[in-house]
Amino acid sequence: MRATCILLCFFTFLVASSAHPGKKKQYKPCKELVLYFHDIIYNGQNAANATSAIVAAPEGANLTILASQFHFGNIAVFDDPITLDNNLHSPPVGRAQGMYIYDTKNTFTAWLGFSFVLNSTDHHGTINFMGADPIMIKTRDISVVGGTGDFFMHRGIATIATDAFEGEVYFRLRVDIKFYDCW
């Protein structure tokens, strides 16, 4: 009798847990934000305008020129302006601060770890990002792993796209942030 009851309970659990096997729950963001950040890498001649610099490179490499083979081994730190539109000369709403590491030998890929430090009339606080950036793909997702101020403990996904670039000196990223965990 007891064994029959256990089997019946187990069978009921299996049926209930597989009621909709092909359906995924659709989550809706609790907050969304689109921002742009503009990166101007120091090339030895643009110190007044540069917002990022190579701080580590393969042995014997020049710290003002990215390594040749997919930039593998370069580490850059940045303190880039963030704008609400794609114009570098728009008033900044904050700064993107962090680093990117070129970590693959056979394609352009970087690992990103950075924060948006926002200090505008609309938003105060930080949003923290971390993840792989396969640069050659049109849009990429990286994790939003937390925040402070208006974004305290927020988590979600940021879809990034290279919006513009000028050689290896300037690039602009469009960052479409969707928070799914808002406190």
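Quick summary incoming for the structure in this document. (Residues numbered from 1 in each chain as written. Predicted model: local features only at pLDDT ≥ 70, side-chain atom pairs only at ≥ 80, totals over all residues. Heavy atoms only, no water.)

1. Considering the side chain of His38
- Locating His38 in the fold gives a position in strand E1 (residues 31-40).
- A relative accessible area of 0% places His38 in the buried class.
- Of the polar contacts made by the side chain of His38, one reaches the side chain of Thr83; its length is 2.8 Å.
- Filtering out sequence-adjacent residues up to four positions away, His38 remains in contact with Thr51, Asp80, Pro81, Thr83, Asp85, Asn86, Asn87, Leu88, Tyr170, Phe171 and Arg172. (Helix = DSSP H or I, 4+ residues; strand = E, 2+ residues; numbered from the N terminus. Buried < 20%, exposed > 50% of the residue type's maximum accessible area, 1.4 Å probe, protein only. Polar contact = N/O pair within 3.5 Å; in protein donor to acceptor, adjacent residues only side chain to side chain. Contact = heavy atoms within 4.5 Å.)

2. Some details on the nonpolar core
- With 29 residues, the main nonpolar core has Phe37, Phe116, Leu118, Ile127, Phe129, Val175 and Ile177 as its most contacted residues.
- If you list the elements that add at least two residues to this core, you get E1, strand E3 (75-83), strand E4 (94-102), strand E5 (110-119), strand E6 (124-133), strand E7 (139-147), strand E8 (155-166) and strand E9 (170-181).
- At five residues, E5 tops the list of elements feeding residues into this core.
- Setting aside its immediate chain neighbours within four residues, Phe129 contacts Leu112, Gly113, Phe114, Phe116, Ile142, Ser143, Val144, Val145, Ala158, Val175 and Ile177. (Core = buried A, V, L, I, M, F, W, Y, C linked by side-chain atoms within 4.5 Å.)

3. Focus: the environment of Val93
- Following the sequence through the fold, Val93 ends up in the loop between E3 and E4.
- Owing to a relative accessible area of 11%, Val93 belongs among the buried residues under this scheme.
- Separated by 29 residues in the primary sequence, Val93 and Asp122 place their C-alpha atoms 8.7 Å from one another.

4. Some points on the pattern of salt bridges
- Applying the stated criterion across every chain, the model contains six salt bridges.
- Here Glu32 and Lys178 are joined by a salt bridge, their closest N and O atoms 3.9 Å apart. Taken together, the residues Glu32 in strand E1 and Lys178 in strand E9 connect sequence positions 146 residues apart.
- Under the relative-accessibility criterion, Glu32 is labelled partly exposed at 48%.
- Residue Lys178 is classed as partly exposed on the basis of its relative accessible area of 24%. (Salt bridge = Lys/Arg side-chain N within 4 Å of Asp/Glu carboxyl O.)

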